[in-house]
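Summary of the model geometry
So the chains spell out like this:
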Amino acid sequence: MEDRCVMTTKSALQSSFAETNGYPRDPLKYYVEFPFRAFHHPLGFPLEISTNSEEVIIAAEESWGPFPKLQSAKKIHLRIGVSETGSDELPKAPIFRAQRGLITIIADSENFGVCDVSRGFGFCWVTPVTIADSAFFRYHFLDVMTGLLLSPVHFAIIHAACVVLDGHGVLLCGNSGAGKSTLAFACAQRGWTFVSDDAGYVTRGNTGRMLIGNPLYLRLRADAPDFFPELLKRPVILRQNGEMGFEISTSDLPGFATAFKCDIDHVVFLNRSEAGGARLTPFSKQEAQRRLDDVIDLTFACTPSSDTMTAEPEMVLADEEAREEQKTCIRELLTADVHELHYSDLDSAIDCLESEVRGR
């Protein structure tokens, strides 16, 4: 009788296993094969992607394909699964939660991800409709997960645009609306080299003033045609961050020079006004340090106004020790010349910057 009960139990278990797609049973999808691989260098750091979908490979190429290797470091690894079925509608923007080195990115039960910052590993599952919308998938999952794994370990983020003239990097700092992206675009149109429109990355442990940027895309507000009438020919879109504006691939701009990194020789805090000529005035390095330190503190405070965190670079998590290390490497930038630029129009602002860079 006992043997019969054992056999019956085994038979029931095997029947249960047989009802699943795989044998043995794999409810966690732990053993799903990810036969497609891609290797990239987002922001110059090594990344390996494993997936069961060629569409993920294409999306990764769109995000990171042109980036060269800039740093020698331990690679991070993402495993990305695309379900065979799922909802026919895009999910809402994900909600983020974190404890210690673990970060969850959850849109719904079918679209979610997990990052283990301490191990440099993350995985996510998304539905076919999510991966079909490449911009949505990249913004809310691929790009943000890559940034979450890289940022606390490898670099500090500074909110600034960056352009280069005659080999001299100029960091354009300021609050939202100060005109960082607009001025950077105008500089590039005047022959400067474009490095970044809103965020730069300073490698931790770097004793110099090297800054890494993402020059692949330029993002401008919806009122940009007020300064650049040629943009009237381009559509204003609802960007993935929920704002209306322009998102332009710099490869589509003829003669637009770009670079992935530069050395910073000038740090400029922008002070835009309604009227008045452009002028550069010395800016206190103590005040500059306070402002940059405040940005780092806000970066790690992680207290957004709602439960939904976007893929903006300020929403990066790390511990107190990492925060202090990041403050240290950003302060290194302040060994450059530090000024405040008062301006009302772009042409005079660029004239002023060119005079400073060229030592006139």
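Bear in mind the structure is a predicted one, so any value in this text is a computation, not a measurement. (Residues numbered from 1 in each chain as written. Predicted model: local features only at pLDDT ≥ 70, side-chain atom pairs only at ≥ 80, totals over all residues. Heavy atoms only, no water.)

Now for the side chain of Arg138. Considering the arrangement of structural elements, one finds Arg138 in helix α4 (residues 134-154). Polar contacts involving the side chain of Arg138 include one to the side chain of Glu62, which spans 3.4 Å. Every residue in contact with Arg138, bar those within four places of it in the chain, is listed here: Ala59, Glu62, Ser63, Asp143, Val144 and Tyr217. (Helix = DSSP H or I, 4+ residues; strand = E, 2+ residues; numbered from the N terminus. Polar contact = N/O pair within 3.5 Å; in protein donor to acceptor, adjacent residues only side chain to side chain. Contact = heavy atoms within 4.5 Å.)

Taken as a whole and judged by the stated rule, the model has twelve salt bridges. Between Lys180 and Asp198 there is a salt bridge whose closest N-O contact spans 3.9 Å. Of this pair, Lys180 sits in helix α5 (residues 180-189) while Asp198 sits in the loop between β11 (193-196) and β12 (200-203), placing them 18 residues apart in sequence. Its relative accessible area of 7% is what places Lys180 among the buried residues. Counted as one network, the salt bridges with shared partners bring together Arg190, Asp347, Asp351 and Glu354. (Salt bridge = Lys/Arg side-chain N within 4 Å of Asp/Glu carboxyl O. Buried < 20%, exposed > 50% of the residue type's maximum accessible area, 1.4 Å probe, protein only.)

With that settled, the discussion passes to α5. With nine of its ten residues buried, α5 lies for the most part within the structure. In the stretch just after α5, Gly191 is the one whose phi turns positive, near 105 degrees.

On inspection of all chains with the given rule, the structure shows eleven aromatic pairs. One aromatic cluster is present, built from ring pairs that chain together Phe185, Phe194, Phe227, Phe228 and Phe256. The ring of Trp125 carries the charged tip of Lys29 above its face, separated from the ring centre by 5.7 Å. (Phe/Tyr/Trp six-rings, centres within 6.5 Å; stacked < 30°, edge-to-face > 60°. Lys NZ or Arg CZ within 6 Å of the ring centre and 35° of its normal.)

It is the contact of helix α2 (residues 54-64) with α4, at a shortest axis distance of 10 Å, that shows an interaxial angle of 70 degrees. The orientation of α2 with respect to α4, classified from their angle, is roughly perpendicular. On α4, the residues that touch Val56, Ala59, Ala60, Glu62, Ser63 and Trp64 of α2 are Ser134, Phe137, Arg138, Leu142, Asp143 and Thr146. Split by residue class, the contact of α2 with α4 holds six nonpolar, three polar and three charged. (Axes fitted to C-alpha atoms, helices over the stretch in contact; angles between N-to-C directions. Parallel < 35°, antiparallel > 145°, perpendicular 65-115°, else oblique. Nonpolar A, V, L, I, M, F, W, Y, C, P; charged D, E, K, R; others polar.)

This part is about the nonpolar core. Among the nonpolar cores identified, the biggest contains 41 residues, and Ile49, Leu78, Ile80, Phe137 and Leu142 are the most heavily contacted of them. Elements with a minimum of two residues in this core: β2 (47-51), α2, β3 (76-82), β5 (102-108), β7 (121-126), α4, β8 (155-158) and β13 (210-212). Here the element with the most residues in this core is α4; it accounts for nine residues. For Phe137, the residues in contact, after removing those within four places along its chain, are Val56, Ala59, Ile80, Val126, Thr130, Ile131 and Leu142. (Core = buried A, V, L, I, M, F, W, Y, C linked by side-chain atoms within 4.5 Å.)

So, about the environment of Gln286. In this structure, Gln286 sits in helix α6 (residues 285-301). Within the structure, the side chain of Gln286 is placed 3.1 Å from the side chain of Ser284, a separation counted as a polar contact.

Take the sheet that holds strand β1 (residues 36-40) next. With mixed pairing, seven strands are arranged side by side in an open sheet as β1-β2-β3-β7-β6-β5-β4. Edge positions in the open sheet fall to β1 and β4 (95-99), since each of these has one partner strand only. Pairs of neighbouring strands in the sheet enclose a mean axial angle of 15 degrees, with direction left out of account. The sheet contact formed by β1 and β2 spans five bridges and is antiparallel. Within β2, the residue paired with Arg37 across the bridge is Ser50. Packed onto the sheet, α2 meets β1, β2 and β3 and runs at close to 5 degrees relative to β1. (Pairing = 2+ DSSP bridges.)

With that settled, consider the confidence of the model for the chain. In the predicted model, the chain carries a mean pLDDT of 84, and the fraction of residues at 70 or more is 85%. This stretch, residues 1-20, has a pLDDT under 50; its non-local contacts, to residues over four places away or in other chains, come to five contacts. Here residues 297-316 is a poorly scored stretch, pLDDT under 50, and it has 39 contacts once near neighbours within four places are set aside; other chains count. (pLDDT = per-residue confidence, 0-100.)

Looking now at helix α8 (residues 346-357). Taking 1.5 Å of rise per residue, the twelve residues of α8 would be expected to cover 16 Å, and the 16 Å separating its terminal C-alpha atoms lies within 8% of that figure. Along α8, the residues that are buried comprise Leu346, Ala349, Ile350, Cys352, Leu353, Glu354 and Val357. Those residues of α8 that are buried lie in contact with β9 (160-165), β10 (168-173), α5, β17 (261-272), β18 (279-282) and β19 (337-343). Sitting at the amino-terminal end of α8 is Asp345, which places a side-chain oxygen 3.4 Å from the backbone nitrogen of Asp347. (Expected span 1.5 Å × (residues − 1).)

The phi dihedral of Lys29 is positive, around 55 degrees, even though this residue is not glycine. Mapping Lys29 onto the fold places it in the loop between α1 (2-18) and β1. Relative accessible area serves as the criterion here: at 44%, Lys29 is assigned to the partly exposed category.

Attention shifts here to a nonpolar patch on the surface. Among the surface-exposed residues, Leu28, Tyr30 and Tyr31 lie close enough to one another that they form a single nonpolar patch of about 470 Å² accessible area. For Tyr31, the location among the structural elements is in the loop between α1 and β1. Here Tyr31 falls in the exposed class, since its relative accessible area comes to 62%. (Patch = residues over 30% accessible without salt bridge, like charges linked within 9 Å, V, L, I, M, F, W, Y side chains within 5 Å. Areas by Shrake-Rupley, 256 points an atom, 1.4 Å probe, with all protein chains shown as cover.)

Moving on, we get to the pairing of strand β6 (residues 111-116). Across six bridges, the pairing between β5 and β6 is antiparallel. If you follow Leu102 over to β6, its bridge partner there is Asp116. As paired strands, β6 and β7 are joined by five bridges and run antiparallel to one another. Of the residues in β7, the one forming a bridge with Cys115 is Gly122. Here β6 folds back onto β7, and the loop between the two strands holds four residues, one of which, Gly120, carries a positive phi near 65 degrees.

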